Amino acid sequence: MNFSFNKNAVLKGTVILTLAGIISRIAGFFYRIFLTRQIGADGIGMFQLVTPVLGIAFALCSAGIQTAISRFCAAKKFQSTWLFAGLAVALPLSVLFTFFTYAYADFIAVRIFLNKDCSRFIQILAIAIPFCTFHNCVNGYYLGKKQAGLPAFSQLFEQFARIGAVYLYTVYCTQNERPVSVLCAVYGNLAGEAASCLICILALLIDKTVTFRFHSLPECIKKTVVFSIPLTANRLLMHLLQSGESILIPAQLVLFGNTQNEALSIYGILMGMSLPLILFPSAITNSMAVMLLPEVSGAQADGDNARIVHTLNRSLQICMAMGFLSTALFLFYGAKMGAILFKEPLVENFVMILAWLCPFYYLTTTLGSILNGLGCTTLTCVQTIAGILVRIAFLVLLVPKTGIRGYLIGTLVSQILVCIAHFLYLNHLFHIGFPVWKYILQPLLYTAVSILFSQMFCRLLLFLGTDSLFFRLFTGACCAVFIFVVLIKSSFLTAERTRL
């Protein structure tokens, strides 16, 4: 059975999710700019400090269950029953977590986040947990069926509901002469989760393929729990470590000599401005990763290793190509554009370092999804946890001496190590190899050509009297992307014709 990466549900789903992701990220990008100007960098830092609550809730209540639903639905047997089985487990967990978090918000704020002002934000975020859990499970169901329409639409609806709620809140505060605080971001998050949950409920009500088979429900629940427990445990440990990492960053910056407000501001600039900018192109690789999990699961169930190897090869090519281009775009254009948009010089410094993450981050996301699709969830989580521990080591040892730069270096080192570990295990399973020309030299050459011609185009704009630096940077980046896409597409088409 031949697998064509160009003519199947993976590509269609990837395109749908990518378009939704790009629109959502563009909207989210301007939303972050608006939010930064309303609550400041320290406000962004405060919001980023409490968001690990949602990460832990996702890990405990829906991460493993969502993957189980997606994986079992890919087998095309009792598909909707798997959804109800997942919800029967996930929703009670989410309600319990909400009550616990809400009741002990003061303790969590003071003892864990080391900031008593976080308590109110934690309580509001806790209310969003059941909505988020339901949304995740339904997304897993439709992605398992390789139907990306609802997940894409719910993602967009969630983003625009969040932005609308924050805008209305700021208008209300302005009209009533009240200060705009971090509460606007927290309420916006709650509104977005509730809106996406509502869309999922409506979709299930009008979907005639959703049927309930009570007689098979207990067995499905049992299999869902058995499959999800190790993944949930690993994900929970991973998110707990990430939460500890988030709490440690401001604390270690204080040890370096920053005040608490300065530490929160630096943290907000890093996590709320610079990192989202770096992750902007990952809308494509994240979408591809989501669609690859059920595809690889199905290929494994069919015993079609050739299909898995071809999927791996195409995925590696796309990720490496995107990674090299993204790094160059951020170094030559994106870093300065981010500093201009956010009106924050530190953004440029952070992005110039974080740009080198791109090839490794995109690869790690995709390879990790393939490993999960093959059932290697424990291995994936163990390797990811090892990467987090490396970052924490850099955070503890270097940041008090070198400041935030030590953490940025640790982030790069950890991502490289996890990426290599994922690849080595997949290569051990399928002997996919690593052709240097196809994965490194060719995309590097195309990237160099694209940047060279785009820089010439920028100089032409300057010669013609275009004074706006941002316009020149944006136009140059678009020019580079266009040239690169033309080159890489012609390369893929030539390779496909040769293969056939």
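Residues numbered from 1 in each chain as written. Predicted model: local features only at pLDDT ≥ 70, side-chain atom pairs only at ≥ 80, totals over all residues. Heavy atoms only, no water.

1. Notes on the overall build of the protein chain
When helices and strands are counted, the protein chain shows 19 helices and zero strands. With 500 residues in all, the protein chain has 56% of them scored as buried. Long-range contacts, defined as pairs at least 24 residues apart, comprise 83% of the intrachain contacts of the protein chain with a sequence gap of at least 6. When the accessible area of the protein chain is evaluated, it comes to approximately 21900 Å², of which 70% is carbon and sulfur surface. (Helix = DSSP H or I, 4+ residues; strand = E, 2+ residues; numbered from the N terminus. Buried < 20%, exposed > 50% of the residue type's maximum accessible area, 1.4 Å probe, protein only. Contact = heavy atoms within 4.5 Å. Areas by Shrake-Rupley, 256 points an atom, 1.4 Å probe, with all protein chains shown as cover.)

2. Looking at unusual backbone geometry
With glycine set apart, most residues show a phi of negative sign, and most peptide bonds adopt trans. At Glu177, a position not held by glycine, the phi torsion is positive, near 55°. The residue Lys343 is not glycine, and still its phi comes out positive at about 55°. When you line up the elements, Lys343 lands in the loop between helix 12 (305-342) and helix 13 (345-354). Since its relative accessible area comes to 63%, Lys343 is described here as exposed.

3. Considering the pattern of salt bridges
Following the criterion strictly, the structure yields four salt bridges and no others. Linking Lys116 and Asp117 is a salt bridge whose minimum nitrogen-to-oxygen distance equals 3.8 Å. Judged by its relative accessible area of 63%, Lys116 falls in the exposed class. Looking at Asp117, the relative accessible area reads 45%, which means it is partly exposed. With its nearest N and O atoms 2.7 Å apart, the salt bridge here joins Arg391 to Glu245. Of this pair, Arg391 sits in helix 15 (residues 377-397) while Glu245 sits in helix 9 (residues 217-256), and the two are 146 residues apart along the sequence. For the pair shown, Arg391 and Glu245 are each scored as buried. (Salt bridge = Lys/Arg side-chain N within 4 Å of Asp/Glu carboxyl O.)

4. Description of the packing of helix 15 against helix 17 (residues 404-430)
The N-to-C vectors of helix 15 and helix 17 enclose an angle of 160°; their axes lie 8 Å apart at closest approach. Viewed along their axes, helix 15 and helix 17 adopt a mutual orientation that is roughly antiparallel. The handedness of the crossing between helix 15 and helix 17 is right-handed. When helix 15 is examined against helix 17, the residues Leu379, Thr380, Gln383, Thr384, Gly387, Val390, Arg391, Phe394 and Leu395 are found in contact with a partner set consisting of Gly406, Tyr407, Ile409, Gly410, Thr411, Val413, Ser414, Leu417, Val418, Ala421, His422 and Tyr425. Here the contact of helix 15 with helix 17 is composed, by residue class, of eleven nonpolar, nine polar and one charged. (Axes fitted to C-alpha atoms, helices over the stretch in contact; angles between N-to-C directions. Parallel < 35°, antiparallel > 145°, perpendicular 65-115°, else oblique. Left-handed = near helix turned anticlockwise from the far one by under 90°. Nonpolar A, V, L, I, M, F, W, Y, C, P; charged D, E, K, R; others polar.)

5. Quick look at the side chain of Gln123
Inspection of the secondary structure puts Gln123 in helix 5 (residues 119-127). Classification of Gln123 as buried rests on a relative accessible area of 17%. Setting aside anything within four residues of it in sequence, one finds Gln123 in contact with Tyr102 and Ala105.

6. Considerations on a nonpolar patch on the surface
On the surface, a nonpolar cluster with roughly 520 Å² of combined accessible area is contributed by Leu198, Ile201, Leu202, Leu205 and Ile206. Checked against the element boundaries, Leu202 lands in helix 8 (residues 183-206). (Patch = residues over 30% accessible without salt bridge, like charges linked within 9 Å, V, L, I, M, F, W, Y side chains within 5 Å.)

7. Quick look at the packing of helix 2 (residues 52-73) against helix 6 (residues 129-144)
The interhelical angle for the contact between helix 2 and helix 6, taken along N-to-C directions, is 20°, at an axis separation of 8 Å. Classified by the interaxial angle, the pair formed by helix 2 and helix 6 is roughly parallel. The interaxial crossing formed by helix 2 with helix 6 has right-handed handedness. Contacts from Leu54, Ala57, Phe58, Cys61, Ser62, Ile65, Gln66, Ile69, Ser70 and Cys73 of helix 2 reach helix 6 at Ile129, Thr133, Asn136, Cys137, Asn139, Gly140, Tyr141, Leu143 and Gly144.

8. Here we look at the environment of Leu183
Tracing the chain through its elements places Leu183 in helix 8. Considered as a pair, Leu183 and Phe47 are 136 residues apart in the sequence and their alpha carbons are 8.7 Å apart. Apart from the residues lying within four places of it in its own chain, the contact partners of Leu183 are Arg120, Phe121, Ile124 and Tyr169.

9. Remarks on the packing of aromatic side chains
For the coordinates displayed, the defined rule picks out nine aromatic pairs. Ring geometry for Tyr141 against Tyr142: centres 4.9 Å apart, planes inclined by 70°, an arrangement best described as edge-to-face. Here the aromatic rings of Tyr169 and Tyr187 are separated by 5.8 Å at their centres, their planes lie at 40°, and the arrangement is tilted. Placement of Tyr169 in helix 7 (residues 149-175) and of Tyr187 in helix 8 is noted, with a sequence separation of 18 residues between them. What links up through ring pairs into an aromatic cluster is the set Phe72, Trp82 and Phe227. (Phe/Tyr/Trp six-rings, centres within 6.5 Å; stacked < 30°, edge-to-face > 60°.)

10. Brief notes about helix 10 (residues 260-278)
Counted at 1.5 Å a residue, the expected span for helix 10 with its 19 residues is 27 Å, and the 26 Å between its end C-alpha atoms agrees. At Leu270, helix 10 shows its maximal kink, close to 25°. (Expected span 1.5 Å × (residues − 1). Bend = angle between axes of the 7 residues up to and from the residue.)

11. Quick word on the environment of Met320
Tracing the chain through its elements places Met320 in helix 12. Dropping the residues within four chain positions of it, Met320 is found in contact with Leu363, Phe434, Tyr439, Ile440 and Pro443.

12. Details of the side chain of His135
With respect to the secondary-structure elements, His135 resides in helix 6. For His135, the side chain forms a polar contact with the side chain of Ser196, separated by 3.3 Å. Non-local contacts of His135, meaning those with residues more than four positions away in its chain, are made with Ser154, Glu158, Glu193, Ser196 and Cys200. (Polar contact = N/O pair within 3.5 Å; in protein donor to acceptor, adjacent residues only side chain to side chain.)

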